[in-house]
Amino acid sequence: MTNSLSICITVKNRSIACADSQPLILLPRTLEAVRKVFDTKQAYAEVVISDWESADLPLAQWVPGVFTNLRVNLVTVHENRFSRGRGRNIAAANAQYDNFLFLDAETLVSGEVEQHLWEALERGDIFFPVCWSETKPDGSFGRWREKGKGVTAMTRSQFDTLGGWDELYTWGGEDVSLYNRAEKHFNIHRPKIKSLVHIWHPTDIRWLNNGAAK
């Protein structure tokens, strides 16, 4: 297998959010972690971001400057209603390579994640790791995100077999649906990886819908 990888992210106003009147840095931290892991010896990798016209920190002004070797493909989505599943499908449709890593805009990856990813894909498995989810703004407490299945890696062929992500307009559900379909067709590699971190942010629906991702 050629170690080429398209890292697919969808986002709307998740670069600099606000929580309790304090700035909350999300996507920049995610991309910095991606840079540290994949922007060194990985000659065939790219970051594909489907951007729902983010206005908090316009992506074209800063994202290309994050990386040295990784190709950056920013795809603007001109639609009013945000759908994480649709955004991920758009990113995948614009991906250059045939191995996908889907990340949320507030997820920190590590070298351990990369190692598990390639081991799974080499076996023909789909990678659905369990991440460590911060439960405090300062990251001092957390829990295993057992129900979350939004971070995943698979080949383009596997993705097409599963029919892509459900394009829902509610929070959650598309990841569980994809996982349930994947279980019927492929072996699942689902390790707990504490260095795969979901950054804390408020989870109430008003915050989620108020500018962070309308």
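Calculation notes
Residues numbered from 1 in each chain as written. Predicted model: local features only at pLDDT ≥ 70, side-chain atom pairs only at ≥ 80, totals over all residues. Heavy atoms only, no water. Phe/Tyr/Trp six-rings, centres within 6.5 Å; stacked < 30°, edge-to-face > 60°. Helix = DSSP H or I, 4+ residues; strand = E, 2+ residues; numbered from the N terminus. Buried < 20%, exposed > 50% of the residue type's maximum accessible area, 1.4 Å probe, protein only. Lys NZ or Arg CZ within 6 Å of the ring centre and 35° of its normal. Core = buried A, V, L, I, M, F, W, Y, C linked by side-chain atoms within 4.5 Å. Contact = heavy atoms within 4.5 Å. 1 Å grid on protein atoms, 1.4 Å probe; cavity = no way out; pocket = protein on both sides within 12 Å on 5 of 7 lines; lining within 4 Å. Points joined across faces, edges and corners; volume = space filled by probe spheres on them. Nonpolar A, V, L, I, M, F, W, Y, C, P; charged D, E, K, R; others polar. Pairing = 2+ DSSP bridges.

1. Describing the packing of aromatic side chains
The tally for this structure, following the rule as stated, stands at 7 aromatic pairs. Seen in terms of ring centroids, Phe128 and Tyr179 are 5.0 Å apart; in terms of plane orientation they differ by 85°. Their pairing is edge-to-face. Taken together, the residues span a long stretch of sequence, with Phe128 in the loop between strand S8 (126-127) and strand S9 (130-134) and Tyr179 in helix H5 (residues 174-185) at a distance of 51 residues. Accessibility assignment for this pair places Phe128 and Tyr179 in one class, buried. Ring pairs connect the aromatic residues Phe100, Phe102, Phe159 and Trp165, which therefore count as one cluster. Note that Lys194 overlies the ring of Trp132, its terminal NZ or CZ placed 4.3 Å from the centroid.

2. As for unusual backbone geometry
Despite not being glycine, Asn13 shows a phi value in the positive range, around 55°. Tracing the sequence through the fold places Asn13 in the loop between strand S1 (5-11) and strand S2 (16-19). Non-glycine residue Glu53 carries a positive phi angle of around 55°. Within the fold, Glu53 resides in the loop between strand S4 (45-51) and strand S5 (71-76). Assessed through its relative accessible area of 43%, Glu53 is described here as partly exposed.

3. Structural notes on the nonpolar core
Residues Ile7, Leu31, Val34, Phe38, Leu101 and Val109 are the most contacted members of the largest nonpolar core, which totals 42 residues. Of all the secondary-structure elements, those providing two or more residues to this core are S1, S2, helix H1 (27-38), S4, helix H3 (111-123) and strand S13 (192-198). The greatest single-element share of this core, amounting to 6 residues, is contributed by H1. If we ignore the near neighbours within four places in the chain, the residues touching Val34 are Ile7, Asp39, Val47, Phe67, Leu70, Leu103 and Val109. In terms of nonpolar packing, the next biggest core, distinct from the first, is built from 21 residues, Ala91, Ala92, Ala95 and Phe159 among them.

4. Focus on the layout of surface pockets
If you add up the space inside the largest pocket, you get close to 720 Å³. Lining of the largest pocket is provided by 36 residues; of these, Arg84, Asp104, Arg145, His198 and His201 occupy positions nearest its centre. In terms of residue count, S9 provides more of the lining of the largest pocket than any other element does, 3 residues in total. Counted by class, the lining of the largest pocket contains 13 nonpolar, 10 polar and 13 charged residues.

5. Here's the deal with the pairing of S9
A regular strand places its side chains so that they alternate between the two faces of the sheet. For S9, the tally of buried residues reaches 5 of 5 residues, placing the bulk of the element in the interior. Strand direction decides the pairing type here: S9 and strand S10 (residues 142-144), joined by 3 bridges, are antiparallel. The residue bridging Glu134 from the neighbouring strand is Gly142, located in S10.

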